[in-house]
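Structural overview for review
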Amino acid sequence: MTSTRGEFSSRFGFIMAASGSAVGLGNIWGFPTQAAGNGGAAFLVVYLVLAFTLAYPALMAELIIGRHAHSNPVRALRTISPNPLLARLGAASGIAGLGIASLILSFYAIVAGWMIAFCLASLMDLFGAAELSAWLTSFGVVRNLLFTYLFIGLTAFIITGGVRGGIERWSARLMPVLILTLLILIAYVLTLEGATEGLKIYLLPDFSRSLSPDLILRALGAAFFSLSLGVGTMLVYGSYLSDEENLPLLGGVVTLVDIIIAVIAGFLILPAMYVALHSGVHIFNADGTLISEDTLIFTVLPELFATMRLAGVIVSITFFFLMSIAALTSSISMLEVSVAYATESRGVKRGRAALVIGCAVAAASTLIIFDFSNLFGLVITLTTRYGQPLLGFVFCLYAGWVWHRDGVLQELLKNNPEAEHGLFWRIWPWYVKFVCPVIILAIFAQAALG
Ligand code: PFF
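This model, assessed by the stated rule, comprises 27 aromatic pairs. Taking 6.3 Å as the distance between ring centres and 20° as the angle between the ring planes, the aromatic pair formed by F43 and Y47 counts as stacked. Of this pair, F43 and Y47 both sit in helix α3 (residues 41–69), four residues apart, which is roughly one turn of the helix. Ring geometry for Y108 against F225: centres 6.5 Å apart, planes inclined by 55°, an arrangement best described as tilted. One end of the pair, Y108, is in helix α5 (residues 84–126); the other, F225, is in helix α11 (residues 213–226), with 117 residues separating them in the sequence. Its relative accessible area of 4% is what places Y108 among the buried residues. Against the face of W170 rests R173, its NZ or CZ located 4.7 Å from the ring centre. Between the NZ or CZ atom of K433 and the centre of the ring of W401, over which it lies, the distance is 4.5 Å.

It is worth spelling out empty space enclosed by the protein at this point. Within the structure shown, the criterion is met by two cavities of 30 Å³ or more. Estimated volume of the largest cavity: approximately 140 Å³. Forming the walls of the largest cavity are 16 residues, and the residues nearest its centre are S21, F225, S228, S330 and M334. When residues of the lining of the largest cavity are traced back to their parent elements, those giving at least two are α1 (11–22), α2 (25–37), α5, α11 and α15 (309–345).

Looking at the ligand, there are 16 residues lining it, with A22, G26, Y108, F225 and S226 nearest. For the ligand, an oxygen atom lies 2.8 Å from a polar atom in the backbone of G26. F225 places a polar main-chain atom, nitrogen or oxygen, 2.9 Å from a nitrogen atom of the ligand. In isolation the ligand offers 340 Å² of accessible surface; the protein chains occlude 100% of this area. Cavity membership is defined here by more than half of the atoms lying within 2 Å of grid points; on that basis the ligand lies in the largest cavity. When contributions to the shell around the ligand are tallied by element, the ones reaching two or more residues are α1, α2, α11 and α15. Among the residues making up the shell around the ligand, the classes are represented as six nonpolar, ten polar and no charged.

Analysis parameters
Residues numbered from 1 in each chain as written. Predicted model: local features only at pLDDT ≥ 70, side-chain atom pairs only at ≥ 80, totals over all residues. Heavy atoms only, no water. Phe/Tyr/Trp six-rings, centres within 6.5 Å; stacked < 30°, edge-to-face > 60°. Helix = DSSP H or I, 4+ residues; strand = E, 2+ residues; numbered from the N terminus. Buried < 20%, exposed > 50% of the residue type's maximum accessible area, 1.4 Å probe, protein only. Lys NZ or Arg CZ within 6 Å of the ring centre and 35° of its normal. 1 Å grid on protein atoms, 1.4 Å probe; cavity = no way out; pocket = protein on both sides within 12 Å on 5 of 7 lines; lining within 4 Å. Points joined across faces, edges and corners; volume = space filled by probe spheres on them. Near = heavy atom within 4 Å. Polar contact = N/O pair within 3.5 Å; in protein donor to acceptor, adjacent residues only side chain to side chain. Areas by Shrake-Rupley, 256 points an atom, 1.4 Å probe, with all protein chains shown as cover. Sits in = over half its atoms within 2 Å of the grid points. Nonpolar A, V, L, I, M, F, W, Y, C, P; charged D, E, K, R; others polar.

Quick look at the structure:
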């Protein structure tokens, strides 16, 4: 390990940072709305099965490679390669990972900027500054640019603090706040009229929908995005773990936290939609499906909050604050992938790397904002539907086929001499070698065929 590398100070610090990366807009916004529109609890069951049987093994591939190499994805994939050709291909995949993580950040920051703007807008309502509030909530280039830059600035600021002083410190502060805020909001919304109807939609399974191949593939894509897989974030966080830690256990905890928060978020979003329905807000599209995605968050929920008067302003501030925090603990992991590479492999100072890469990401966001209707959806599709599954596939190939089996076992034995006889070692190597690549390829084929 080089002396410039950081390391998480504790198991708790790692769990907060890695689950902070995993828990983001995907959990609180994406998962509940997808569940709502796709068979409720049936989607949940499919999601749970896929998360544990496929996303967890893929997460472990990244964590084990990262912890073994104690370096960024580019160098790590090179380190475990037995020959120069595979080393070069590995390094190229690592670079692709940096690029995709940065592109994800470029659209994620725009959405996160809206969250901050909506949070501030509600604060302005509280002080009676209606005009400012209206500006903050209306779609415009200046507002979008301003808040995107603010969000990227916050992300770069935290990353400049390093692994312990930045990532770990802020994740350990923000994650408990996030969980507490979520629980308070749920407790409040569940007391309102209409909430139980939303709960029913969420919890009563409609299995006719959950068995369609399209839905299964969609649930898998959601699980990969939610666990931040395929772009090297988990590999980098794994590289900051000490050799004393039990990797399968920590990976399991992170997976569990991610899933639990997604499921719990459903207890907020679905009931909130039906409370909105009771207050006269439209929550269905013309074809009878539930409104989802941006219309839900930025139209339905604000309309709902407006019907609650003063309480609504407070709930609104709290809700958008929650979303901003969730986004921030995820965005730092996206930026860290490239910063880790720049500092370790290119000898750039951390602060400078965060600044330069932050500016590059901001430039990409600017392009997206100026040509929003064409670029926003395109970048999301390219990065999350194609990039993540394809690179996740490469990570599994490197863990399962390229890296020598003994090397993997030695890594697992470091802190746990019994690992060789454990359940994980009996199942995981096969999974990551055969099952994960095949299924990921299936997702990719599906995405490619449209
Ligand atoms: N896991 C994050 C979410 O659910 O919102 C998104 C994400 C974070 C994707 C980090 C990719 C990544 F590298």
